[in-house]
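Summary of structural features
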Amino acid sequence: MKKLFLSVLIGSLAFWSCNSESTPMFSLENKLNTDRKNAPVILSRDFVETKFQTPTSGYPHIYDEQHQLIPCQWDDINGDGQWDEIAISIDIAAKTKARYQLELKTEKTDFGAATQIHMGKSEARNQEYIALKAEVRPKDYIDPCYPMLYQYEGIGWENDKVAFRSYFDARNGKDIFGKRTEQLVLQKVGLKGSNYHKMADWGMDVLKVGTSLGAGAIGMEKNKQLYRLGLTDQAAFKVISEGPARAIAEIKYKGWEVEGDLYDLTEVITIWKGKYYYESDLFLNGGKGEELLVTGIVNYKANQNVNYPKYNEDIACVSTFSAQAEDKSDPEQKLGMAVMIQQEIFEGFEEAPSTSYQNALALNLQKGDNKDEPITDTYLVKIKPQDQGSKFLFFAAWEKSDDLFKTAAGFEQLLKSNAREIASPIYPE
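The present account deals with the structure reproduced in this document. Just so you know, these numbers come straight off a predicted model, no measurement behind them. (Residues numbered from 1 in each chain as written. Predicted model: local features only at pLDDT ≥ 70, side-chain atom pairs only at ≥ 80, totals over all residues. Heavy atoms only, no water.)

1. Examining the overall build of the chain
Scanning the chain from N- to C-terminus turns up 4 helices and 26 strands. The globule rule puts the C-alpha radius of gyration for 429 residues at 22 Å, and the 23 Å found for the chain is close to it. For the chain, with 429 residues in total, the buried portion stands at 55%. The long-range share in the chain, meaning contacts at least 24 apart out of those at least 6 apart in sequence, stands at 69%. Summing over all exposed atoms, the chain offers an accessible surface of approximately 19500 Å²; the carbon and sulfur share of this is 49%. On the chain, the mean spot of the 50 positive side-chain charges and the mean spot of the 63 negative ones are 3 Å from each other. (Helix = DSSP H or I, 4+ residues; strand = E, 2+ residues; numbered from the N terminus. Rg over C-alpha atoms; globule rule 2.2 N^0.38 Å. Buried < 20%, exposed > 50% of the residue type's maximum accessible area, 1.4 Å probe, protein only. Contact = heavy atoms within 4.5 Å. Areas by Shrake-Rupley, 256 points an atom, 1.4 Å probe, with all protein chains shown as cover. Lys, Arg positive; Asp, Glu negative; His and termini not counted. Charge placed at Lys NZ, Arg CZ, Asp CG, Glu CD.)

2. Re the side chain of threonine 23
Relative to the elements of secondary structure, threonine 23 occurs in the loop between helix 1 (2-20) and strand 1 (25-30). Taking relative accessible area as the criterion, threonine 23 reaches 17% and is therefore assigned buried. With residues up to four places along the chain from it excluded, the contact list for threonine 23 reads Gln101 and Leu102.

3. Points about the sheet that holds strand 3 (residues 59-63)
Taken in spatial order, the 3 strands line up as 1-6-3 in an open sheet, and their pairing is antiparallel. Bordering the open sheet on either side are strand 1 and strand 3, each of which pairs with just one other strand. If you compare each strand with its neighbour and ignore which way they point, the axes differ by 35 degrees on average. As defined by bridge partners, strand 3 adjoins strand 6 (residues 96-105) across 5 bridges and the pair is classed as antiparallel. When the bridges of strand 6 are listed, proline 60 appears paired with leucine 104. Where helix 2 (residues 45-52) meets the sheet, its contacts fall on strand 1, strand 3 and strand 6, and the angle it forms with strand 6 comes to roughly 80 degrees. (Pairing = 2+ DSSP bridges. Axes fitted to C-alpha atoms, helices over the stretch in contact; angles between N-to-C directions.)

4. Brief notes about the pattern of salt bridges
Taken as a whole and judged by the stated rule, the model has 27 salt bridges. The salt bridge partner of lysine 275 is glutamate 421, with a shortest N-O separation of 3.4 Å. Taken together, the residues span a long stretch of sequence, with lysine 275 in the loop between strand 18 (261-272) and strand 19 (277-285) and glutamate 421 in helix 4 (residues 408-422) at a distance of 146 residues. Classification of lysine 275 by relative accessible area gives buried; the value is 6%. On the basis of relative accessible area, glutamate 421 is assigned to the buried category, the value being 12%. Residues joined in a network through salt bridges with shared partners are Glu153, Arg165, Asp169, Arg171, Asp175 and Asp205. (Salt bridge = Lys/Arg side-chain N within 4 Å of Asp/Glu carboxyl O.)

5. Details of unusual backbone geometry
At glutamate 153, a residue that is not glycine, the phi angle is positive and equals roughly 75 degrees. As for its position among the elements, glutamate 153 is in strand 10 (residues 150-158). Look at asparagine 172: it is not a glycine, yet its phi comes out positive at around 50 degrees. Mapping asparagine 172 onto the fold places it in the loop between strand 11 (162-167) and strand 12 (174-179).

6. Some thoughts on the packing of aromatic side chains
Summed over all chains, the structure comprises 21 aromatic pairs. Pairing tyrosine 276 with phenylalanine 405 gives two aromatic rings, centres 4.9 Å apart and planes at 85 degrees, and the pair type is edge-to-face. With tyrosine 276 in the loop between strand 18 and strand 19 and phenylalanine 405 in the loop between strand 26 (390-398) and helix 4, the pair connects residues that are 129 residues apart, well separated along the chain. Accessibility classification places tyrosine 276 together with phenylalanine 405 in one group, the buried group. When the centroid spacing of 4.6 Å and the interplanar angle of 50 degrees are considered together, the rings of phenylalanine 346 and phenylalanine 349 count as tilted. (Phe/Tyr/Trp six-rings, centres within 6.5 Å; stacked < 30°, edge-to-face > 60°.)

7. Concerning the sheet that holds strand 8 (residues 130-131)
Across the sheet, 6 strands lie side by side as 8-7-10-11-12-13; this open sheet has antiparallel pairing. Lying at the two open borders of the sheet, with one neighbouring strand each, are strand 8 and strand 13 (203-205). Relative to strand 11, strand 10 is paired through 5 bridges, and the arrangement is antiparallel. The partner of glutamate 158 across the bridge, within strand 11, is alanine 163.

8. Comments concerning the side chain of serine 27
Here serine 27 is to be found in strand 1. Setting aside chain neighbours within four positions, we find serine 27 in contact with Lys97, Ala98, Arg99, Tyr427, Pro428 and Glu429.

9. Describing the environment of arginine 246
Mapping arginine 246 onto the fold places it in strand 17 (residues 246-258). Owing to a relative accessible area of 4%, arginine 246 belongs among the buried residues under this scheme. Through-space distance from the C-alpha of arginine 246 to that of isoleucine 271 is 5.5 Å; in sequence the pair is 25 residues apart. Beyond its immediate chain neighbours, meaning those up to four positions away, arginine 246 contacts Ile42, Gln73, Asp75, Ile77, Glu85, Ala87, Thr115, Ser241, Thr270, Ile271 and Trp272. Within the structure, arginine 246 has its side chain in polar contact with the side chain of aspartate 75 (distance 2.7 Å). (Polar contact = N/O pair within 3.5 Å; in protein donor to acceptor, adjacent residues only side chain to side chain.)

Okay, here's the thing in structure tokens:
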């Protein structure tokens with residue numbers, strides 16, 4: 001046994017020794033004193049080509065110190081036909097600096113998918129949907145009606161832990177699909193004979209959105225008034241990437257009218273493997289410096305169970321934990337939600353007016369603007385627009401997904417650990 005161990009050790013050392021001179025190496029460091037699981041890491045094309053010391057025409061693959069191949073994906077972010085970033089999701093122990101090897105191959109390896117973007121469309125409105133990678137919303141598509149044009153009313157994104165959707169109509173609301181499986185399920189949700197408002201083996205829709213911002217929908221504050229990202233001249237969706245590490249979707253809104261001014265807004269949504277959140281990057285064009293973007297969390301059921309925890313100096317957060325899940329068979333189900341944002345672009349919290357849906361519409365009509373629903377019943381987060389984009393993270397933790405989320409303490413544990421990790425990203429060296 002001792003000879004076998006020594007031979008394996010010598011072989012491993014020989015591998016790293018003989019390859020270190022001929023193949024590029026890089027390192028990743030976890031500076032935290034806690035282990036990290038499914039840590040998101042991005043290697044830019046410039047970084048990789050610097051390591052190879054030459055332009056790269058193939059697909060670099062990544063191996064760890066045991067020469068195990070790391071699942072990765074080669075993402076074409078700008079749509080020019082060649083990859084711009086390599087995305088990986090790794091586990092790394094506390095206070096550890098791990099080394100990795102790059103090996104160039106001519107073809108991609110198929111690692112399967114742990115994330116996806118899904119949008120289905122039924123031109124015949126017969127609940128038979130064709131999956132789309134891109135779609136421009138019909139200009140007159142203001143409110144959905146049955147049978148649906150779009151599967152579950154719009155765009156969905158998911159990983160192995162949770163799924164979300166955005167209504168692809170004038171409401172532009174965001175909702176949560178709680179999951180009880182790590183399998184990708186969005187392609188089978190909302191089909192004929194199924195009802196995602198009732199518990200299924202995969203999970204269910206767990207949120208009531210109404211006229212709130214739901215699970216991180218977008219609005220604007222201008223002259224101390226709130227405006228929903230509602231009807232626009234155009235809304236265009238496309239899938240940028242999906243795979244074993246992350247999925248990315250882009251939605252471009254053109255001609256968003258607010259107080260007589262026109263804006264364009266692009267939202268880039270990213271969901272990483274193993275995370276109970278999605279990232280939203282917002283790019284506003286047409287701003288005059290007086291506008292703030294807003295997002296938030298619905299508070300129809302949370303009542304006063306809202307917290308504004310301060311986990312570190314870099315991150316601002318608002319969170320709720322209560323019997324929020326929309327399951328009439330078990331009304332005491334717990335659901336934790338949170339928004340995290342970098343402190344440098346955070347412009348404050350606010351509570352939107354609490355009112356019924358009917359009263360909200362009446363208030364909107366009194367303002368003389370019947371195009372868009374007002375924003376109500378939301379714990380708001382105000383965001384300062386940046387030229388390079390403004391990012392927030394939206395968390396959703398359902399007790400049926402993990403027993404950890406049956407208690408407020410368990411949800412708090414999730415938020416604390418993620419706040420630490422977000423404040424200490426891992427960059428390749």
